[in-house]
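# Coordinate analysis (summary)
These are the residues of each chain, in order.
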Amino acid sequence: MNNQRTLELFIIGGILGIGAPCAVLMGVLHGERTGAIAYPKVKTEEVFTVDYKSIVMGSPEDEEHGKTLFQNNCMACHGAMADGKGPAASALTPPPRNFLDPDARWTRSREPKDIYQTLSEGSPGTAMVAFSAMLSVQDRWALVHYLGSLPGVQGKFHPVDEAMASAWRPEKKL
Ligand code: HEC
């Protein structure tokens, strides 16, 4: 074997020896390897198989569920009776909304989509924080339905109709 041939073999060996493990590693990092250790790829279409229409339309059970969520997440400021007199309320300016008062002035409207937006993004510059990281889309809509059943919201709140529910998609994915 002459020197030239040895060099060629050395180079080919080097490429195979380093290149193959590198290719496998890159494949693993990108989730492309088949077999037991492959990472699952996120299927974006799964997000859209969620039945948002039924979530947005709600049901009497959603109202009940919303009431429980309210007691667990909102009571400290808005009060157990939803009258805006929670234990933390007196320290807050502006004060938390009273959901029993039909004459209360709201920052956004009492339309279902606006209430959902407030729950998701909060009311900037106030103690009303965003709940999108804490409550699922379904839970936030359950709260919208519960609030829509209260005296200060009822009458100003237009129940969700089929057309709005069909057109609705969350701005942000689940
Ligand atoms: C830390 C206190 C606090 C908590 C907890 C809180 N809120 Fe509020 N909320 C407020 C304050 C303060 C306002 C008044 C904001 C304003 O004037 O825009 C408010 C306003 C609102 C409004 C009216 C928005 C508008 O357009 O005027 C809604 C709806 C609402 N809260 C729902 C909820 C729900 C539902 C929860 C529980 C998931 C909750 N809040 C938890 C303090 C709180």
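Everything below is about the structure shown above.
Presented here is an overview of the structure given in this document. (Residues numbered from 1 in each chain as written. Predicted model: local features only at pLDDT ≥ 70, side-chain atom pairs only at ≥ 80, totals over all residues.)

Counting residues in each nonpolar core, the largest one holds 20 residues, and the members touching the most others are Trp141, Leu143, Val144 and Leu147. No other element matches the six residues that helix α7 (residues 137-147) contributes to this core. Setting aside residues no more than four positions away along its own chain, leucine 147 makes contact with Phe99, Ile115 and Val153. (Core = buried A, V, L, I, M, F, W, Y, C linked by C-beta atoms within 7 Å. Buried ≥ 20, exposed ≤ 12 C-beta atoms within 10 Å, placed from the backbone. Helix = DSSP H or I, 4+ residues; strand = E, 2+ residues; numbered from the N terminus. Contact = placed C-beta atoms within 7 Å.)

Let us now look at the packing of helix α6 (residues 112-121) against α7. Close contact between α6 and α7 brings their axes to 9 Å; oriented N to C, the two are set at 130°. By the angle between their directions, the pair α6 and α7 is classed as oblique. Between α6 and α7 the crossing geometry is right-handed. Taken together, the residues of α7 that come into contact with α6 (itself represented by Pro112, Ile115, Tyr116, Leu119 and Ser120) are Arg140, Trp141, Leu143, Val144 and Leu147. Across the contact of α6 with α7, the residue classes tally to eight nonpolar, one polar and one charged. (Axes fitted to C-alpha atoms, helices over the stretch in contact; angles between N-to-C directions. Parallel < 35°, antiparallel > 145°, perpendicular 65-115°, else oblique. Left-handed = near helix turned anticlockwise from the far one by under 90°. Nonpolar A, V, L, I, M, F, W, Y, C, P; charged D, E, K, R; others polar.)

What follows deals with the environment of alanine 76. With respect to the helices, strands and loops of the structure, alanine 76 is situated in helix α5 (residues 75-78). Separated by twelve residues in sequence, alanine 76 and alanine 88 have C-alpha atoms that sit 5.7 Å apart.

Their axes nearest at 7 Å, the elements helix α4 (residues 60-73) and α7 cross at an angle of 100°. One way to sum up the angle between α4 and α7 is to call them roughly perpendicular. Residues Asp62, Glu63, His65, Gly66, Lys67, Leu69 and Phe70 of α4 pack against Asp139, Trp141, Ala142, Leu143, His145 and Tyr146 of α7. Across the contact of α4 with α7, the residue classes break down as six nonpolar, three polar and four charged.

Of all eleven residues in α7, eight are buried, a share of seventy percent or more. Taken as a whole, α7 has its buried residues at Arg140, Trp141, Ala142, Leu143, Val144, His145, Tyr146 and Leu147. Turning to α7, the residues buried within the fold contact α3 (52-57), α4 and α6.

This part takes up α4. Over its 14 residues, α4 extends 20 Å from the first C-alpha to the last, a length consistent with the 20 Å expected when each residue adds 1.5 Å. Here α4 has its buried residues at Asp62, Gly66 and Phe70. In a view along the axis of α4, the buried residues occupy a sector of 85°, so they form one face of it. Across α4 from its buried face, at more than 90 degrees, point the exposed residues Pro60, Glu61, Gln71 and Asn72. Contacts from the buried residues of α4 go to α5 and α7. (Expected span 1.5 Å × (residues − 1). Arc of directions from axis to C-beta.)

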